[in-house]
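Here is how the chains run, residue by residue.
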Amino acid sequence: QVQLVESGGGLVLPGGSLRLSCTASGRTWGTYAMGWFRQTPGKEREFVAAIKWSGGKTYYANSVKGRFTISRDNAKNTVSLQMNSLKPEDTAVYYCARRVTSGSNYSPTDYDYWGQGTQVTVSA
């Protein structure tokens, strides 16, 4: 089994920054990619960013491109999401996810393990 634990959420002013981290523990070998998704009440879980574990190729939703940066530390089994120039519409619960097959970066159903989520609120 694999456990994913997110940290770093909180309340931030519009235009501010936050850094989310996700650490994997347990049977972490075989990771193909890690991703970040977000969800607001009544809406489907939305793709934010993903990174291939080998090679580090990154993928972003258009809504966050240029503002968010995903990175990984293979040795520490950690993936991070640096979020800059935050907007009120970025407010959501952010989830870290792990995928063990090639699948789709963008579909939450292709991810095998999920963290518990961390709340990000962007408000004045």
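Structural data are supplied above this passage.
Keep in mind that this is a model prediction, so the values were computed, not measured.

### What to know about the packing of aromatic side chains
One pass over the structure, following the stated rule, counts 7 aromatic pairs. For the pair Phe-37 and Phe-47, a centre-to-centre distance of 5.7 Å together with 75° between the ring planes defines the contact as edge-to-face. Of this pair, Phe-37 sits in strand S4 (residues 33-39) while Phe-47 sits in strand S5 (residues 46-52), placing them 10 residues apart in sequence. There is no split in this pair, since Phe-37 and Phe-47 are both buried. Joined through ring pairs, the aromatic side chains of Phe-37, Phe-47, Tyr-59, Tyr-95, Tyr-106, Tyr-111 and Trp-114 make up one cluster. Above the face of the Tyr-111 ring, Arg-99 is positioned so that its terminal group lies 5.2 Å from the ring centre.

The rules behind each value
- Residues numbered from 1 in each chain as written.
- Predicted model: local features only at pLDDT ≥ 70, side-chain atom pairs only at ≥ 80, totals over all residues.
- Heavy atoms only, no water.
- Phe/Tyr/Trp six-rings, centres within 6.5 Å; stacked < 30°, edge-to-face > 60°.
- Helix = DSSP H or I, 4+ residues; strand = E, 2+ residues; numbered from the N terminus.
- Buried < 20%, exposed > 50% of the residue type's maximum accessible area, 1.4 Å probe, protein only.
- Lys NZ or Arg CZ within 6 Å of the ring centre and 35° of its normal.

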